[in-house]
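# Working through the structure, step by step
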Amino acid sequence: MFEPQHHTIALGSETLADFLSSSREHYLNHVRNDSGKAKEWTIVMGNEAGDLDTLASSIAFAWLRTKILDQPSIPLLQMNRDDLELRAENLHALSLAGISRPKDQLFFITDVIDFHPFPSHKFALVDHNRLSSTFSPEEQPLVVAIVDHHVDENLYGDTAEPRIIIPSGSCASHITTLLDTVEIPPELATLLLSAILIDTDGLKPGGKAIDVDRKAAEFLASKSTFASSESALHTTETASSTSLLELVFIKSLSEELSSRKNDVSHLGPRDLLRRDYKQYDFVLPWHAAKPTIRAGLSTVPVKLEEWAADGNLETKGEAWMKERGLHVLGVLTSYRSATKGKRKREMAWIIRVDFPPTEGFDFEALTERLWNGLQADPVLQLKEHKKFAHGTLEPMLFPQLQVQIYMQDPHATRKVIAPVLKAIMEAQM
Ligand SMILES: [Mn+2]
């Protein structure tokens, strides 16, 4: 299966980079000309955290819809152009996929920031399954497809086709399943493979990879830009996933991507908080005024002690909350212990008690619900944080904040925590 492939250059074949640049140019022309043509496009969107899975999935799904299904589609990144720099692993994977000037070749939310209402109304959602409320086109937005691996919010059942929402290590694996009878550009295979490897810790046995991830990775490896390189020859005859793990290029690609991902030494607290960030609005049915509160969840690959001590969590966290209009912020750290290299996760929560979502808001009820709800959750398995339980400095110094910090089960990522938070906030009683 992993014999070197001889890529024949088909006449009129187009690289992935060409496809992206020309889609962007066409779409933006249609938007600027205001001829109504922008409405014919489908916006393929990943989630706002903008990780490699979201990036690869949106690019691949837009390619599939455009090239195979003949429905003009463009991948949209829900981030500012300059924020691309926050994820070195994304830049690396893009360059392996021949996208060497991503800031010019990709389409960012900031490219259409001046157009109100939003110029298109057809959306395909990948790597999430609820359309963000920031997209309000003139017409009723239409979600025409969903491919995702998060908890199903049971929306758009009558309009989305396909509507694939199944747990997996990586959303890119579901996208790959849709592509398995199609001749895909090797660069696209490389990009999807990179996403799967980073989401599954290099397909590590006992990790996040499940069958669909392993199958997808196997298929992509044989189609990728690496398939014809020498390193791909270091393989056994069988195409089982064990042999996939033994491939030199799979190992080195996984290591390269994860070391770039984990090297955030150049990032300060604000960048760490916004680099991998998602935001949610919740209507609180248990509060008489039924207010809407806004919560953010930042995933940070560095333990609190290294960047948030001495009041940095409180001051930098508060600044980020003010910037985003948040009432609640959860900071989810993930790191390996210095001694045994074991995966650990901390969870720091901040509530701004000087920022009521409505007049006479009952902050006591909110804090009690949040702390009790989190502590009672069987999956999170919270334990007291030995060093920073009630903040990284004297709580008295921050009377405008309520802070709680815990150690949690190392397997529970934001994918698990976000639904727990939603359930606590939206509980009826
Ligand atoms: Mn994902």
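Residues numbered from 1 in each chain as written. Predicted model: local features only at pLDDT ≥ 70, side-chain atom pairs only at ≥ 80, totals over all residues. Heavy atoms only, no water.

## What about the domain arrangement of the protein chain?
Using the following cut-off: As annotated, the domain borders come from an automatic or database domain assignment. Residues are treated as being in contact if the distance between any of their heavy atoms lies within 4.5 Å. Here a salt bridge means any side-chain nitrogen of Lys or Arg lying within 4 Å of a carboxyl oxygen belonging to Asp or Glu.
You can read the domains of the protein chain as domain 1 (16–260) and domain 2 (269–425). Using only C-alpha atoms to locate each centre, domain 1 and domain 2 end up separated by 29 Å. The interface of domain 1 with domain 2 comprises 16 residues on the first partner and 14 residues on the second. In this structure, Arg275 engages Glu89 in a salt bridge whose closest nitrogen and oxygen atoms are separated by 3.9 Å.

## Considering the sheet that holds strand β6 (residues 163–165)
Rules: Criterion used throughout: strands pair if DSSP finds at least two bridges between them. Secondary structure elements are taken from DSSP: a helix is a run of H or I of four residues or more, a strand is a run of E of two residues or more, and numbering for both begins at the N terminus. Angles shown run from 0 to 180 degrees and are taken between the N-to-C directions of axes, each axis being a line fitted to C-alpha atoms and, for helices, limited to the stretch in contact.
Read from one edge of the open sheet, six strands run β3-β2-β1-β4-β5-β6, paired in parallel fashion. Edge strands, defined here as strands with exactly one partner in the open sheet, are β3 (107–108) and β6. Bridge count for strand β1 (residues 42–45) against strand β2 (residues 73–77) is four bridges, and the pairing is parallel. Looking at the pairing, Ile43 lines up with Ile74 of β2. Docked against the sheet, helix α1 (residues 16–33) engages β1, β2 and β3, running at close to 95° with respect to β2. Helix α2 (residues 52–68) contacts β1, β2, β4 (122–126) and β5 (142–148) of the sheet and is inclined by roughly 170° relative to β2.

## Looking at the coordination of the manganese ion
We count it as follows: For Na, K and Ca the donor cutoff is 3.2 Å, while for all other metals N, O and S atoms count as donors only within 2.8 Å; water does not appear among the atoms, so some sites may look incomplete. Here the term buried applies to any residue with accessible area under 20% of the maximum for its type, exposed to any over 50%, and partly exposed to those in between, with areas from a 1.4 Å probe on protein chains only.
Donor atoms from the polypeptide that bind the manganese ion are Asp53 (OD), Asp127 (OD) and His149 (NE2), placed at 2.1 to 2.3 Å. All donors of the manganese ion belong to a single chain; written as a sequence motif, their spacing is D-x73-D-x21-H. Taken together, the residues span a long stretch of sequence, with Asp53 in helix α2 and His149 in the loop between β5 and β6 at a distance of 96 residues. Both residues of the pair, Asp53 and His149, count as buried.

## Describing the pattern of salt bridges
Here the structure, examined in full by the defined rule, presents 26 salt bridges. Put simply, Asp211 and Arg214 hold a salt bridge, and the shortest N to O gap is 3.5 Å. Remark: Arg214 and Asp211 occur in helix α7 (residues 211–223); sequence separation between them is three residues, near one turn of the helix. Classification of Arg214 by relative accessible area gives partly exposed; the value is 24%. Salt bridges sharing common partners tie together Arg87, Glu89, Arg275, Asp276 and Arg414.

## With respect to helix α13 (residues 363–376)
Where we set the bar: Expected helix span is given by 1.5 Å per residue-to-residue step, counting one fewer step than there are residues. As used here, the arc belongs to the directions running from the helix axis to the C-beta atoms. We call two N or O atoms a polar contact when they sit within 3.5 Å, provided that within protein one can donate a hydrogen and the other can accept it, with sequence-adjacent residues counted only if both atoms are side-chain atoms.
Taking 1.5 Å of rise per residue, 14 residues should cover 20 Å, and α13 covers 20 Å from first to last C-alpha, within 8% of that figure. Those residues of α13 lying buried are Phe363, Leu366, Thr367, Leu370, Trp371 and Leu374. In an axial view of α13, the angular spread of the buried residues amounts to 115°, which keeps them on one side of the axis. Seen from the buried face of α13, the exposed residues on the opposite side, beyond 90 degrees, are Glu364 and Ala376. Here the buried face of α13 lies against β8 (292–300), β9 (328–336), β10 (343–352), β12 (401–408) and α14 (414–425). The backbone nitrogen of Glu364 has a side-chain oxygen 3.2 Å away, supplied by the residue at the start of α13, namely Asp362.

## Some points on a positive patch on the surface
As a reminder of what qualifies: Patch criteria: residues need more than 30% relative accessible area and no salt bridge. Like-charged residues are merged within 9 Å; nonpolar side chains of Val, Leu, Ile, Met, Phe, Trp and Tyr are merged within 5 Å. Per-residue and other accessible areas were derived by the Shrake-Rupley procedure at a 1.4 Å probe size, with only the shown protein chains allowed to occlude residues. Asp and Glu are treated as the negative residues and Lys and Arg as the positive ones, with His and the ends of the chain left uncounted. To locate a charge, take NZ of a lysine, CZ of an arginine, CG of an aspartate or CD of a glutamate.
Together, Lys340, Lys342, Lys344 and Lys386 line one region of the surface with positive charge. Examined against the element boundaries, Lys342 turns out to sit in the loop between β9 and β10.

## Some remarks on the side chain of Thr392
Of note, Thr392 is situated in the loop between β11 (383–384) and β12. For Thr392, a relative accessible area of 9% corresponds to the buried category. Looking at Thr392, its side chain comes within polar contact range of the main-chain oxygen of Ala308, at 3.3 Å. A polar side-chain atom of Thr392 sits 2.7 Å from a polar atom in the side chain of Glu314. For Thr392, the contacting residues outside a window of four places in its chain are Ala308, Ala309, Asp310, Gly311, Asn312, Leu313, Glu314 and Ile405.

## Remarks on the packing of aromatic side chains
To keep it simple, the criterion reads: A pair of Phe, Tyr and Trp rings is counted when the ring centres sit within 6.5 Å of each other, with Trp represented by its six-membered ring. The angle between the planes then sorts it: under 30 degrees is stacked, over 60 is edge-to-face, the rest tilted.
Per the stated rule, a full pass over the model turns up seven aromatic pairs. Summarising the aromatic geometry, the rings of Tyr27 and Trp41 are spaced 5.4 Å apart at their centres and angled 70° between planes, so their arrangement reads as edge-to-face. One end of the pair, Tyr27, is in helix α1; the other, Trp41, is in the loop between α1 and β1, with 14 residues separating them in the sequence. Take Tyr27: its relative accessible area is 0%, and that puts it in the buried class. Residue Trp41 is classed as buried on the basis of its relative accessible area of 8%.

## Considerations on the UniProt feature "domain: DHHA2" (unreviewed entry) in the protein chain
The test is simple: UniProt positions are given in the numbering used here, feature names are shortened, and annotations may be inferred rather than shown by experiment.
With numbering aligned to this structure, UniProt lists the feature "domain: DHHA2" (unreviewed entry) at residues 254–425. In this annotation, residues 254–425 is assigned 34% helix and 26% strand; the end-to-end C-alpha distance for the span is 37 Å.

## Some points on the environment of Glu187
Topologically, Glu187 is positioned in helix α6 (residues 186–199). Residues Glu187 and Ser95 lie 92 residues apart in sequence; the distance between their C-alpha atoms is 9.4 Å. In this structure Glu187 touches Leu16, Ala97, Gly98 and Thr225, once residues within four positions along its chain are discounted.

## Concerning helix α9 (residues 248–262)
The periodicity of an α-helix, 3.6 residues per turn, causes residues three or four places apart in sequence to face the same way. In a regular helix each residue adds 1.5 Å, so 15 residues correspond to 21 Å; α9 covers 21 Å between its end C-alpha atoms and thus fits that length. Among all positions of α9, only Phe249, Ile250, Leu253, Ser254 and Leu257 are buried. All buried residues of α9 project into a common sector of 130° when viewed along the axis, lining one side.

## Points about unusual backbone geometry
With glycine set apart, most residues show a phi of negative sign, and most peptide bonds adopt trans. The peptide bond linking His116 to Pro117 adopts the cis configuration, its omega dihedral lying at -10°. Tracing the chain through its elements places Pro117 in the loop between β3 and β4. Even without being glycine, Asp127 reaches a positive phi, approximately 60°. Residue position: Asp127 is located in the loop between β4 and β5. If you check the backbone angles, Asp310 has positive phi at about 55° while not being a glycine. Tracing the sequence through the fold places Asp310 in the loop between α11 (304–307) and α12 (312–324).

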